[in-house]
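# Commentary on secondary and tertiary structure
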Amino acid sequence: MTDKPSQERILVIDDELGVREGCRRVLEPAGYAVATASSGHEGLRLLREQPVDLVLLDVVMPDVRGIDLLGPIHELDPDIVCVIITGFATVELAVQAIKAGAYHFLSKPFSADLLLLAVQQGMERRRLSLETKRLHIMERETADLTRAKEELERLDKFKTTFMFTVAHELRAPLSAIQSFLVAMLKGYVPPDKRDEMLQRTVERTSELLELVDDLLKLSAAKNEQKQLRREVLSLADPLEKVFALQRVRADEKRIACRLEIRQRPRVEANADQMVQLWTNLISNAIKYTPVGGRVAVGLAEKDGWAVGTVQDTGIGISPDDQARIFDEFYRTPQAKEFELRGTGLGLPLVKRIIEAHGGTIEVESQLRQGSRFTFRLPVAT
Ligand SMILES: Nc1ncnc2c1ncn2[C@@H]1O[C@H](COP(=O)(O)OP(=O)(O)OP(=O)(O)O)[C@@H](O)[C@H]1O
Ligand SMILES: [Mg+2]
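Residues numbered from 1 in each chain as written. Chains lettered and ligands numbered in written order. Predicted model: local features only at pLDDT ≥ 70, side-chain atom pairs only at ≥ 80, totals over all residues. Heavy atoms only, no water.

Helix and strand content of the chain: 11 helices and 12 strands. The C-alpha radius of gyration computed for the chain amounts to 39 Å, which surpasses the reference 21 Å derived for 381 residues by more than 25%, pointing to a less compact arrangement than a globule. Counting only C-alpha atoms, the chain reaches 120 × 55 × 35 Å along its principal axes. A burial count over the chain gives 40% of its 381 residues as buried. Pairs at least 24 residues apart make up 68% of the contacts formed inside the chain by residues separated by at least 6 positions. By element, 54% of the accessible surface of the chain is carried by carbon and sulfur atoms, the whole surface being about 22600 Å². Side chains of the chain carry 53 positive and 57 negative charges; the gap between the two charge centres is 7 Å. (Helix = DSSP H or I, 4+ residues; strand = E, 2+ residues; numbered from the N terminus. Rg over C-alpha atoms; globule rule 2.2 N^0.38 Å. Buried < 20%, exposed > 50% of the residue type's maximum accessible area, 1.4 Å probe, protein only. Contact = heavy atoms within 4.5 Å. Areas by Shrake-Rupley, 256 points an atom, 1.4 Å probe, with all protein chains shown as cover. Lys, Arg positive; Asp, Glu negative; His and termini not counted. Charge placed at Lys NZ, Arg CZ, Asp CG, Glu CD.)

This part takes up the sheet that holds strand β10 (residues 305–312). Strands sit in the order β7-β9-β10-β12-β11 across an open sheet of five strands; the sheet is mixed. Strands with a single pairing partner mark the edges of an open sheet, and in this sheet they are β7 (256–261) and β11 (360–366). Direction aside, the axes of adjacent strands within the sheet are offset by 10 degrees on average. Of the pairings in the sheet, the one linking strand β9 (residues 294–302) to β10 comprises eight bridges and is antiparallel in character. When the bridges of β10 are listed, Val295 appears paired with Asp312. (Pairing = 2+ DSSP bridges. Axes fitted to C-alpha atoms, helices over the stretch in contact; angles between N-to-C directions.)

The subject of this paragraph is the site of ligand 1. In the vicinity of ligand 1, 23 residues are found, and the nearest of them are Lys287, Tyr288, Arg331, Thr343 and Leu347. In the model, an oxygen atom of ligand 1 is placed 2.6 Å from a nitrogen or oxygen of the Thr343 side chain. Gly346 places a main-chain nitrogen or oxygen 3.0 Å from an oxygen atom of ligand 1. Computed on the free molecule, ligand 1 has an accessible area of 590 Å², of which 96% lies beneath the protein chains in the complex. Those elements that provide at least two residues to the shell around ligand 1 are α8 (271–287), α11 (346–356) and β12 (370–378). For the shell around ligand 1, a count of residues per class yields 11 nonpolar, eight polar and four charged. (Near = heavy atom within 4 Å. Polar contact = N/O pair within 3.5 Å; in protein donor to acceptor, adjacent residues only side chain to side chain. Nonpolar A, V, L, I, M, F, W, Y, C, P; charged D, E, K, R; others polar.)

What follows deals with the domain arrangement of the chain. Each domain of the chain was delimited in the assignment, giving domain 1 (9–110), domain 2 (157–222) and domain 3 (231–378). Taking only C-alpha atoms into account, the centre of domain 1 sits 84 Å from that of domain 2. (Domains from an automatic or database assignment.)

A negative phi angle characterises most non-glycine residues, just as the trans form characterises most peptide bonds. Omega for the bond connecting Lys108 with Pro109 falls within 30 degrees of zero, at -10 degrees, which places this linkage in the cis form. Along the chain, Pro109 falls in the loop between β5 (104–107) and α5 (112–185). Non-glycine residue Phe329 carries a positive phi angle of around 70 degrees. Mapping Phe329 onto the fold places it in the loop between α9 (319–322) and α10 (333–338). Owing to a relative accessible area of 11%, Phe329 belongs among the buried residues under this scheme. One non-glycine residue, Arg368, lies in positive phi territory at about 65 degrees. Relative to the helices and strands, Arg368 is located in the loop between β11 and β12. Here Arg368 falls in the exposed class, since its relative accessible area comes to 67%.

A word on the side chain of Thr332. Relative to the elements of secondary structure, Thr332 occurs in the loop between α9 and α10. Thr332 sits in the buried class, given a relative accessible area of 5%. A distance of 3.0 Å separates the side chain of Thr332 from the backbone nitrogen of Ala335, its partner in a polar contact. When sequence neighbours within four positions are dropped, the list of residues in contact with Thr332 reads Ile317, Asp321 and Ile325.

Before going further, it helps to spend a moment on helix α6 (residues 191–222). The terminal C-alpha atoms of α6 lie 47 Å apart, and with 32 residues this matches the ideal 46 Å at 1.5 Å per residue to within 8%. Buried positions along α6 lie against α5, α8 and α11. (Expected span 1.5 Å × (residues − 1).)

Describing an aromatic ring pair means giving the distance of the ring centres and the angle of the ring planes. Counted by the stated rule, this structure contains four aromatic pairs. Geometrically, the ring pair formed by Phe162 and Phe329 is tilted, given 5.7 Å between the ring centres and 45 degrees between the ring planes. Note that Phe162 is positioned in helix α5 and Phe329 in the loop between α9 and α10, a separation of 167 residues in sequence. Note on Phe326 and Phe373: the rings are 6.5 Å apart at their centroids and 75 degrees apart in plane angle, and the pair reads as edge-to-face. Separated by 47 residues along the polypeptide, Phe326 in the loop between α9 and α10 and Phe373 in strand β12 bring together distant segments of the chain. For Phe326, a relative accessible area of 13% translates into the label buried. Owing to a relative accessible area of 8%, Phe373 belongs among the buried residues under this scheme. (Phe/Tyr/Trp six-rings, centres within 6.5 Å; stacked < 30°, edge-to-face > 60°.)

Next comes the structure, spelled out in structure tokens:
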């Protein structure tokens, strides 16, 4: 059994009892639900209580003119169809009412057929305008869905590329380790070379572990649902810790390291990630600076931001590459030539961490002159 379409509702607002009851006698047998009101105010009250599809509206009533009700009626529902009932003397007013948004008018006295025709046409008009609205909404929803679908496809493509690169990066050290082991197992390696080969196997294994660790950190930083524990801490604490550790490597390369802590801004942050942040920026500066160069690290507080800077006199980054070094796995040609090893996951991790903490990072650099990374994190309130 299918549902009967809900009954269409009509309100007759007219101060003449004869007109109200006459309309009811014609419209109810035709299947409409009819309510009546003998004044403009009563009509508005009924409309607020019970929505209708169509209003038959007397043009002149003792309390208010029909034309003045059009505004309030359409405010309740812009798609209510209003048909004006008018006497011969007030046709002029009816024309004005049509200009003001009424759909049609009927001149008294009118026949049952004319009334039915006007009402049927009015209802058709209402169905059409409701349908048009529904279509507009559907069009908008379709556009939203299309956009969401494109975004998903983009993400999916990114993930596929990412997985491909990860697999590719993992494959090189793994296959090197495998060939070392096979060579030794088959006895291809003379005894005096064994230690050296084992040493290389260990190095490749560390490389693999480093890559896997970086991937894990990156995925932790990317996973926003799994909020890492944050606390209010002074950004200078992890900096001092990291600086002391990195200094050893800098000394090996005879790189002069300077640390200038002007203020000790407090930030609400994950402590481990603040260590990762400083470690990656400072280790990059040392890694990409030739022997005898300089590295300067600074921390200050300005306008509600903790501002960290890491500056070096290293190989530099070309303007084109400055936009790409925050992409996963990207390493500049100069960096690859200068330092064989590197995953290209350090800066993407840095950027992720900073953005997750509501901050920003930027780089200024000139090839063969040096680079300066500046990041800002909001100071804890
Ligand atoms: N201080 C710097 N000077 C010059 N180039 C830099 C500097 N820091 C980063 N880069 C460039 O950005 C790239 C990405 O840096 P990132 O830290 O992500 O990777 P990486 O240092 O190559 O590898 P890893 O961090 O695993 O050792 C580097 O390969 C290098 O090309
Ligand atoms: Mg790095």
